[in-house]
Amino acid sequence: MTHELKTGGDRGYLRIATEEAFATAEQLDAIMRLVKEGRADKGTVSLWGFYGTSASERTTFIRERLLDLGPLRIAAMDEAGIDKAVLALTSPGTQSMHDPEEARRIARNANDHLKDACERYPDRFHGMIAIAPLDPEWSAEELRRGKEELGFHGVQVNSHTHGHYLDEAQFDPILRACADLDLPLYIHPQGLPDDMIGDMANAGLDGAVYGFAVETSYHALRLLTTGVFDRYPSLQLVLGHGAEGLPFWIDRTNYMFNAGVRSQRYDRLKPLQHSLHHYLRHNVWGTTSGLPSPASIRLMMEVMGEDRVMYAMDYPYQYVPDEVRLLDTMDMGEAQKRKFFQANAETLFKL
Ligand code: 1DF
Ligand code: MN
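A brief report on the enclosed structure follows.

About the cut-offs
Here the residue numbering is sequential within each chain, running from 1 through the sequence in written order. For this description, chains carry letters from A and ligands carry numbers from 1, given in the order in which they are written. Note on the predicted model: pLDDT of at least 70 is required for a residue's local features to be given, and 80 or more for side-chain atom pairs to be given and counted; whole-chain, interface and lining totals, by contrast, use all residues. Based on all heavy atoms of the structure, the side-chain values leave hydrogens and waters out of the count. When DSSP finds at least two bridges between two strands, those strands are taken to pair. Each helix is a run of H or I in the DSSP string that is no shorter than four residues. Each strand is a run of E no shorter than two, and both are numbered from the N terminus. Near, as used in this document, describes a residue that has one of its heavy atoms within 4 Å of the molecule or strand being considered. Here a polar contact is recorded for every N or O atom pair within 3.5 Å, except that within protein the pair must consist of a potential hydrogen donor and a potential acceptor, and residues adjacent in sequence are included only if both atoms are side-chain atoms. All accessibility values rest on the Shrake-Rupley procedure with a 1.4 Å probe; residue burial counts only the protein chains present in the view. Classification convention: Asp, Glu, Lys, Arg as charged; Ala, Val, Leu, Ile, Met, Phe, Trp, Tyr, Cys, Pro as nonpolar; all other residues, Gly among them, as polar. In this description, a nonpolar core means a group of buried Ala, Val, Leu, Ile, Met, Phe, Trp, Tyr and Cys residues linked to one another through side-chain atoms lying within 4.5 Å. Accessibility here uses a 1.4 Å probe with only protein chains present; expressed as a share of the type maximum, an area under 20% marks a residue as buried, one over 50% as exposed, and anything in between as partly exposed. By definition, residues are in contact when any of their heavy atoms lie within 4.5 Å. Take a side-chain nitrogen of Lys or Arg and a carboxyl oxygen of Asp or Glu: if they are within 4 Å of each other, that pair is a salt bridge. In this description, a line fitted to the C-alpha atoms serves as the axis of each element, helices being fitted only across the stretch in contact, and the angle between N-to-C directions of two axes falls anywhere from 0 to 180 degrees.

If you trace the five strands from one edge of the open sheet to the other, you get E4-E5-E6-E7-E8, paired in parallel fashion. Taken across any chain shown, the strands that pair with only one partner, and hence form the sheet edges, are strand E4 (155-157) and strand E8 (309-310).

Another point: the site of ligand 1. Lining the immediate surroundings of ligand 1 are Glu19, Trp48, Tyr51, Arg58, Ser91, His188, Ala208, Phe212, His241, Asp314 and Tyr317. In this structure, Tyr51 approaches ligand 1 through a side-chain N or O atom, which is 2.5 Å from an oxygen atom. Considered on its own, ligand 1 offers 360 Å² of accessible surface; in the complex 92% of this is hidden by protein. Of the residues in the shell around ligand 1, the class split is five nonpolar, three polar and three charged.

Counting 95 residues, the largest nonpolar core has Trp48, Leu143, Leu185, Leu237, Tyr311, Met313 and Phe340 as its most contacted members. Here the element with the most residues in this core is helix H5 (residues 100-120); it accounts for seven residues. With near-sequence residues (within four places) excluded, Trp48 lies in contact with Leu28, Ile31, Met32, Val35, Thr53, Leu66, Thr90, Ser91, Pro92 and Tyr317. The next biggest cluster of nonpolar side chains, apart from the first, holds eleven residues, and it includes Val86, Ala88, Tyr186 and Val238.

Here the focus is the pattern of salt bridges. Following the criterion strictly, the structure yields 21 salt bridges and no others. Between Glu148 and Arg144 there is a salt bridge whose closest N-O contact spans 3.4 Å. Here the residue Glu148 and the residue Arg144 both occupy positions in helix H6 (residues 136-148), the gap between them amounting to four residues, near one helical turn. A salt bridge links Asp307 to Lys339; its shortest N-O distance comes to 2.7 Å. One end of the pair, Asp307, is in the loop between helix H14 (294-304) and E8; the other, Lys339, is in helix H16 (residues 334-349), and 32 residues separate them in sequence. On the basis of relative accessible area, Lys339 is assigned to the partly exposed category, the value being 26%. Here the salt bridges share partners, and the residues they tie into one network are Arg11, Arg15 and Asp328.

Strand pairing in a sheet relies on backbone hydrogen bonds, with the paired strands running either antiparallel or parallel. An order of E1-E2-E3 is seen for the three strands of this open sheet, with the pairing classed as parallel. At either margin of the open sheet sits one strand with a lone partner, and together these are strand E1 (16-22) and strand E3 (125-127). Neighbour to neighbour, the strand axes of the sheet diverge by 35° on average, direction disregarded. Bridging between strand E2 (residues 84-89) and E3 involves three bridges; their strand directions are parallel. Bridge pairing links Val86 to His126 in E3.

Our focus in this paragraph is the pairing of E2. By the criterion of burial, E2 is predominantly enclosed, with six of the six residues buried. Going residue by residue along E2, you find Lys84, Val86 and Ala88 tucked away on one face and Ala85, Leu87 and Leu89 tucked away on the opposite face as well. Pairing of E1 with E2 involves five bridges; the strand directions are parallel. Paired with Ala17 across the strands is Ala85, a residue of E2.

All quantities given are derived from atomic positions and should not be read as evidence of function.
Listed below in structure tokens is the structure:
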């Protein structure tokens with residue numbers, strides 16, 4: 001142990017964790033019912049068939065901690081020196097559901113439940129809005145309620161909705177509401193769609209270990225390459241897990257994207273107003289959830305800019321206080337470290 005972890009800014013910055021998960025009992029019950037009735041997609045069966053039923057130490061901890069928005073979570077934050085958590089309804093949110101009425105009810109109740117918790121701990125908890133992408137028009141209204149009535153700071157969409165992606169025209173009301181309301185759009189992974197998962201679950205690689213990054217980086221690239229940020233230049237996209245690897249790949253992605261546009265092979269690939277690098281530096285923010293790696297963080301800062309990289313823990317999926325110590329002591333200027341742990345999150349989420 002290098003140093004004691006305390007809240008309150010003893011190292012010159014507060015620590016704000018920006019990808020922190022909670023669940024509601026109603027949400028988990030609905031997901032587990034789909035799994036038991038054989039109506040969930042393969043990715044959900046792989047994840048929640050395990051997290052929802054296993055009696056292992058890890059899964060018991062995760063279930064208990066997801067459902068808690070009270071003293072257990074505050075104690076865990078105190079122990080890891082986390083001053084504030086930006087909280088979102090855990091993956092897949094409502095996106096495994098088939099019935100729009102059920103998805104709307106679960107999202108609305110989760111938002112009200114989170115609002116109560118934020119009122120109990122106003123200096124520790126901040127809320128992200130849950131929506132029901134199955135019903136984009138309702139979701140746009142819920143975004144307005146979430147911002148104006150609940151005082152929330154962004155929206156988390158758990159990647160695809162039954163294999164459909166936010167660049168598709170049906171979801172435009174959601175993108176438009178995010179842009180109009182100035183709400184950051186956090187795209188968080190979930191289980192892979194049936195037509196993508198292939199043999200990945202058999203290989204044990206479908207989840208947070210690897211598959212999440214494949215599917216979520218694909219989702220983000222669809223938004224970048226189809227011109228969503230030319231249509232909505234003010235829209236701000238947030239990606240976890242080192243921006244899902246995009247900063248590492250961006251030169252090759254940009255080169256081959258341009259080659260694809262020039263070839264006119266693909267109907268959907270049209271010239272954009274800017275290079276893909278430009279969108280990473282003007283429309284995308286990256287968090288370090290589950291990726292406490294100074295080398296990766298420096299790469300993200302170099303590619304995206306040091307004003308766009310933020311700390312996240314990914315509680316309760318990756319609750320490792322020693323990772324906070326590692327990042328406290330990474331080789332980086334004081335001002336830059338304060339942006340990373342505190343100031344960038346305050347700016348983006350208007351905390
Ligand atoms: C895992 C991680 C599962 C995250 C998740 O949803 C999840 C995991 C079931 O470790 O298997 O949301 N995560 O946020 O990193
Ligand atoms: Mn997460």
